Amino acid sequence: MFLKNRKKIALLILVSISQLGMLKGQELINDRAQWFVDSRFGMFIHWGVYTGAEGYWKGEKLRYDNDYAEWILYRNRIGREEYLTLLDRFNWEDINPEEWVILAKKAGMKYVTITAKHHDGFALWNSQASDYDVYDHTNPHRDVIKELSEACQKHGLKLGLYYSHWVDWEHPNGWDHSKEIYGISDEDYDQYWQEKVIPQMRELLTQYGPIGMIWFDMWIHHSKTVVTKSQLLQLKNMIRELQPDCIINSRLGLSVEEDSDVDYQTLGDNQLGNKKKNYPWQTPATVAHSWGYHASDSEWKSTTTLLHSLINNVSLNGNLMLNIGPRANGDIPFEIKQRLLEMGQWLKINGESIYGSEAFSLSKDLHDWGRITHKKINNEKYRLYLHVYNWPVDQQISITGVTTKPTNIYLLSDKQKAPLSFAYNEVVTKIKLPADQPDPLVSVIVVEYDHPPGIREGLVARSESGGYLLTPGNINSTNGYIKIKPAGKFGSIPEHVVVEKELLLEWTLYIDEPGKYNVDASYSFQEEKIAGELSFTLNESTLSQDIQPTGKYVGEPNSNWVIESFNSSKLGEVEIPNKGFYDIRFKIKPQEDKPVNFQWVWLEISGDKTD
Ligand code: FHN
C-alpha cells in the first residue's frame, strides 16, 4: 500500500529511527499529499441553491431528523425547476467568496474545499456540460468557483473542490436513492457519467488553475451501488492526467487499502480518529449539525471542543476540515465565525504544535491530561507538544514512557522560552507548571530533545486523579484470551471483562514516589453469596480477598432500569520502598459457574511517602 509514491526520504528516516527502536513518524504518504499532511486544518464550505431554503420548504421543516439542509430537494420532494426559485433569495451584490477565504486564513486553515456540485446537481461555475449551473441563473453572470479560486490564489490557500459524482438528483440518469426501488440500467447510468461527470470534471480541472484536491462524496463502497470500478478509474486517471498534483479522497469509492493511489482516507461525518494511522486521513466536521445553512441549527460546539477535535486528530496523524454554511447573502453565521476566529487566535500562538506535526509513538490514552504531537526541527532537535486539556490543580504533569532526558521544557506561548523545572527518572518526566493556565482553551508545553527520544511502551501512567488505573485495556500480558465488553446502558455499566475461569492480568508501572499504596478493585458479582477470590501481587506482597456480591441499583425512577452494580472494594495496602519498575499480577479466580465482571484495580499512595 502506498509504496509507489512513498517518499524516499520518509523511508530513510524510518530506517534510521527504527534502528534506534524509537520514534515512528507518519510514513505512508504519497508525494503529492505532503502539503495536505503538513496543513492539518482546512475549511469545508457547503453553499448552493439549498442555502436559500435554510432548512425549510413551504413553511415545513426538512423531512429528516439529521436536518442536513442541503438535502431539502430530495427530502421534501421538490421538483427540479421549482427548486431553482430558491435562487430568488440570493443577494448577489453582497456575495463575496473572498470573505470566506479571508475567514479561513484568519482561522489558521490552509485549504478551502467548496461544494462545486452537491447532490442537487447544480454547478457553482460556468458549466458547458449542463445549464443547471449558477452562471446561467445569474444576471450579471457569476462563476463562484472562479471567484473562489482567485481568492485562494491571492491569499495563498489551496483550493479543494467537492464534486458529488455518484448522487445527482437533477440528471434523469444520475443516482438518487429511490433508484433502489425503481432501478436504473448500467447503460443509463453511464450516460449520466459520460455526459455530465466526465465533462464537468474536465472543466473544473482545466479552467480554474491548480486544484489542491477533489473531494468526492460516495460514502459506500462502489461494489454496493451502481457506479463501476472502471468508471471510478476513468475519473481518477483523468485527474492524474490533467492535474497530477491534485489529491483525491477515499470517498471516490475506492479505499486507500484497495488503491494506494488514493491519497487519503475520509472518515465518516464528524467521526473523529480513535487510532493512529500511518497514511493520511481526515474528518469532515460541522460546527453545529447541518452542512448547508439551517435556520434552526443551535447546538454549536464550543471552541474548546473544536480545538480538541483538531488536536486529537493531529495526534493520530489526521486532519480536520471544519465546515461553514454561509447564508444566501454570503454571510457566515456569527456562531461559526466567532469560533473560527478564536481557533485562529489559538493557532497563531500554538500552530507549531499542529502544522507539520504528527502522532507520537505512545498510546493515545496513556496520559489523561491531554494529547501529544511531535515534530523534528531542523534535522536536529525533536519536540513533543503536550496539549494540556485540564490544567492540574497540583501544578504538575508527567510524561510516562519516554526514556530520554529532555534538554529543555517551556510553554509554547512563552516567547522567552523560560525553562520549566522538571525531574527525570528513567521513564517518567515530571514537569512543574505555573499556577495559572497560560491559555484558557488548551495550553501547550514543549519538551525538547537533542535526538529522537527513546520510547518504552506498555507502561501505565499515573492518572490526573492521583493513582494508577489498571484496566483490561492497558494490561501488559495475560494468561488467557480477554474480550472487553464495551460500556452499556448509557454508560451506567462500565467497560469490563466477564471472567468465567481463572484469569491472570499483568501490568508494569514505574513508580517514582515510594510509599504505602492502597489497592482497590472494582467488579460486579451477581450471586447472593461470597464465592471465588481476587489476589493482587506486587514484589513479594500478596493481598487476597473473597469475591463479594455487589447487588443492583436503579438508574432512573420508573424506567425499568436496573443496573448490576460495579463496586470498589479495598484489598489492602502494599509498601513500595523504592523508585523503579514494578510488575503487578492480579488473579481473578471465580467459582465454577459464577462469573465475575472485572473492571479495574486502582493503586494510590496512602499518604505515607518514603523518601
Ligand atoms: O450527503 C452528504 C452531506 O450532505 C454532506 O455533504 C456530507 C459531508 O461529508 N457528505 C454526505 C454525507 O456523508
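The rules behind these values
- Residues numbered from 1 in each chain as written.
- Predicted model: local features only at pLDDT ≥ 70, side-chain atom pairs only at ≥ 80, totals over all residues.
- Heavy atoms only, no water.
- Helix = DSSP H or I, 4+ residues; strand = E, 2+ residues; numbered from the N terminus.
- Rg over C-alpha atoms; globule rule 2.2 N^0.38 Å.
- Buried < 20%, exposed > 50% of the residue type's maximum accessible area, 1.4 Å probe, protein only.
- Contact = heavy atoms within 4.5 Å.
- Salt bridge = Lys/Arg side-chain N within 4 Å of Asp/Glu carboxyl O.
- Core = buried A, V, L, I, M, F, W, Y, C linked by side-chain atoms within 4.5 Å.
- 1 Å grid on protein atoms, 1.4 Å probe; cavity = no way out; pocket = protein on both sides within 12 Å on 5 of 7 lines; lining within 4 Å.
- Points joined across faces, edges and corners; volume = space filled by probe spheres on them.
- Nonpolar A, V, L, I, M, F, W, Y, C, P; charged D, E, K, R; others polar.
- Phe/Tyr/Trp six-rings, centres within 6.5 Å; stacked < 30°, edge-to-face > 60°.
- Lys NZ or Arg CZ within 6 Å of the ring centre and 35° of its normal.
- Patch = residues over 30% accessible without salt bridge, like charges linked within 9 Å, V, L, I, M, F, W, Y side chains within 5 Å.
- Areas by Shrake-Rupley, 256 points an atom, 1.4 Å probe, with all protein chains shown as cover.
- Lys, Arg positive; Asp, Glu negative; His and termini not counted.
- Charge placed at Lys NZ, Arg CZ, Asp CG, Glu CD.
- Expected span 1.5 Å × (residues − 1).
- Arc of directions from axis to C-beta.
- Pairing = 2+ DSSP bridges.
- Axes fitted to C-alpha atoms, helices over the stretch in contact; angles between N-to-C directions.
- Near = heavy atom within 4 Å.
- Polar contact = N/O pair within 3.5 Å; in protein donor to acceptor, adjacent residues only side chain to side chain.
- pLDDT = per-residue confidence, 0-100.

1. Examining the overall build of the protein chain
A count of helices and strands for the protein chain gives eleven helices and 32 strands. Computed over its C-alpha atoms, the radius of gyration of the protein chain comes to 28 Å, within 12% of the 25 Å expected for a compact globule of 611 residues. Counting across all 611 residues of the protein chain, residues that qualify as buried make up 57%. Considering only intrachain contacts with a sequence separation of at least 6, the fraction spanning at least 24 residues in the protein chain is 73%.

2. Section: the pattern of salt bridges
By the definition in use, this model includes 31 salt bridges. A salt bridge links D261 to R32; the shortest N-O distance between them is 2.6 Å. Here D261, found in the loop between β7 (247-248) and β8 (265-266), pairs with R32, found in the loop between α1 (8-20) and α2 (34-39); they are 229 residues apart in sequence, far enough to count as distant. Like D261, the residue R32 is buried in the burial classification. E352 serves as the salt-bridge partner of R383, at 2.8 Å between the closest nitrogen and oxygen. Separated by 31 residues along the polypeptide, R383 in strand β13 (residues 381-388) and E352 in the loop between α11 (334-350) and β11 (358-359) bring together distant segments of the chain. By relative accessible area, which is 9% here, R383 ends up buried. The structure contains a network of salt bridges with shared partners spanning R32, K236, R240, D259, D261 and D263.

3. Overview of the nonpolar core
Membership of the largest hydrophobic core comes to 118 residues, with the highest contact counts inside it found for Y83, M201 and L340. If one sorts the elements of this core by residue count, helix α8 (residues 186-207) sits on top with eight residues. Not counting the four nearest positions on each side in its chain, M201 is found in contact with Y163, I214, F216, L235, M238 and I239. Core analysis: the second largest hydrophobic core is formed by 34 residues, V497, W507, I584 and I588 among them.

4. Describing empty space enclosed by the protein
A complete count under the given rule lists three cavities of 30 Å³ or more for this structure. A volume near 80 Å³ is recorded for the largest cavity. What lines the largest cavity is a set of 15 residues, and nearest its centre among them are S290, W291, D297, G325 and I336. Taken together, the residues of the lining of the largest cavity break down into eight nonpolar, six polar and one charged. Here the second largest cavity defines a volume of roughly 50 Å³.

5. Brief notes about the packing of aromatic side chains
For the coordinates displayed, the defined rule picks out 25 aromatic pairs. A ring pair is formed by W35 and Y111, whose centres lie 5.6 Å apart and whose planes are at 80 degrees; its orientation type is edge-to-face. Taken together, the residues span a long stretch of sequence, with W35 in helix α2 and Y111 in strand β4 (residues 111-117) at a distance of 76 residues. Y111 shares its class with W35; the two are buried. With a relative accessible area of 1%, Y111 lands in the buried category. An aromatic cluster is defined as three or more aromatic residues linked by ring pairs; in this entry it consists of F44, Y68, Y162, W215 and W291. For K110, the ring lying beneath its charged end belongs to Y355, and the centroid distance is 4.3 Å. Lying over the aromatic face of W281, K277 brings its terminal NZ or CZ to 6.0 Å of the ring centre.

6. Concerning a negative patch on the surface
A cluster of acidic residues, E93, D94, E99 and D331, forms a negative patch on the protein surface. Note on placement: D331 falls in the loop between β10 (318-324) and α11.

7. Describing α11
For α11, with 17 residues, the first-to-last C-alpha span of 24 Å sits near the 24 Å given by 1.5 Å per residue. Listed as buried for α11 are I336, R339, L340, M343, G344, W346, L347 and N350. Buried residues of α11, seen end-on, are gathered within an arc of 165 degrees and therefore sit on one face of the element. α11 presents F334 and K348 as exposed residues on the side facing more than 90 degrees away from its buried surface. Elements that come into contact with the buried residues of α11 comprise β1 (41-45), α5 (97-106), α10 (303-314), β10, β13 and β18 (443-449).

8. Details of the sheet that holds strand β16 (residues 422-425)
For sheets, the rule is that strands pair by backbone hydrogen bonds, running either parallel or antiparallel. Sheet architecture is open: three strands sit in the order β14-β17-β16, paired in antiparallel fashion. The sheet is open, and its two edges are formed by β14 (396-400) and β16, each paired on a single side. Pairwise comparison of adjacent strand axes, ignoring direction, gives a mean angle of 15 degrees for this sheet. Inspection of the sheet shows β14 paired to strand β17 (residues 428-432) by five bridges, in the antiparallel sense. Across the sheet, the residue bridging to I397 is I431, located in β17.

9. Points about the site of the ligand
Residues in contact with the ligand amount to 14 residues; listed here are only the nearest, H46, E70, H119, D217 and D269. D269 places a polar side-chain atom, nitrogen or oxygen, 2.7 Å from an oxygen atom of the ligand. For the ligand, whose accessible area on its own is 320 Å², the fraction buried by protein is 96%. Here the shell around the ligand is built from residues that sort into seven nonpolar, three polar and four charged.

10. Observations regarding unusual backbone geometry
Residues N139 and P140 are joined by a peptide bond in cis, for which omega reads 0 degrees. When you line up the elements, P140 lands in the loop between β4 and α6 (144-155). Residues other than glycine seldom take positive phi values, yet E54 does so here, at roughly 55 degrees. By secondary structure assignment, the location of E54 is in the loop between β1 and β2 (56-57). Among the residues examined, E54 registers a relative accessible area of 18% and is labelled buried.

11. A few points about the confidence of the model for the protein chain
Per-residue confidence for the protein chain gives a mean pLDDT of 94, with 95% of residues at or over 70. In this model, residues 1-21 is a region of pLDDT below 50 whose contacts with residues beyond four sequence positions or in other chains number 34 contacts.

12. A closer look at the side chain of D259
As for its position among the elements, D259 is in the loop between β7 and β8. With sequence-adjacent residues up to four places away left out, D259 is seen in contact with L233, K236 and L254.

13. Concerning the sheet that holds strand β6 (residues 213-216)
As summarised here, the arrangement of the eight strands in space is β7-β6-β5-β4-β1-β10-β9-β8, forming an open sheet in which the pairing is parallel. With partners counted over all chains shown, the strands left at the sheet margins are β7 and β8, one partner each. The pairing of β6 with β7 spans two bridges and is parallel. Within β7, the position partnered with I214 by the bridge is I248. Set on the sheet, α11 makes contact with β1 and β10; between it and β10 the angle comes to about 145 degrees.

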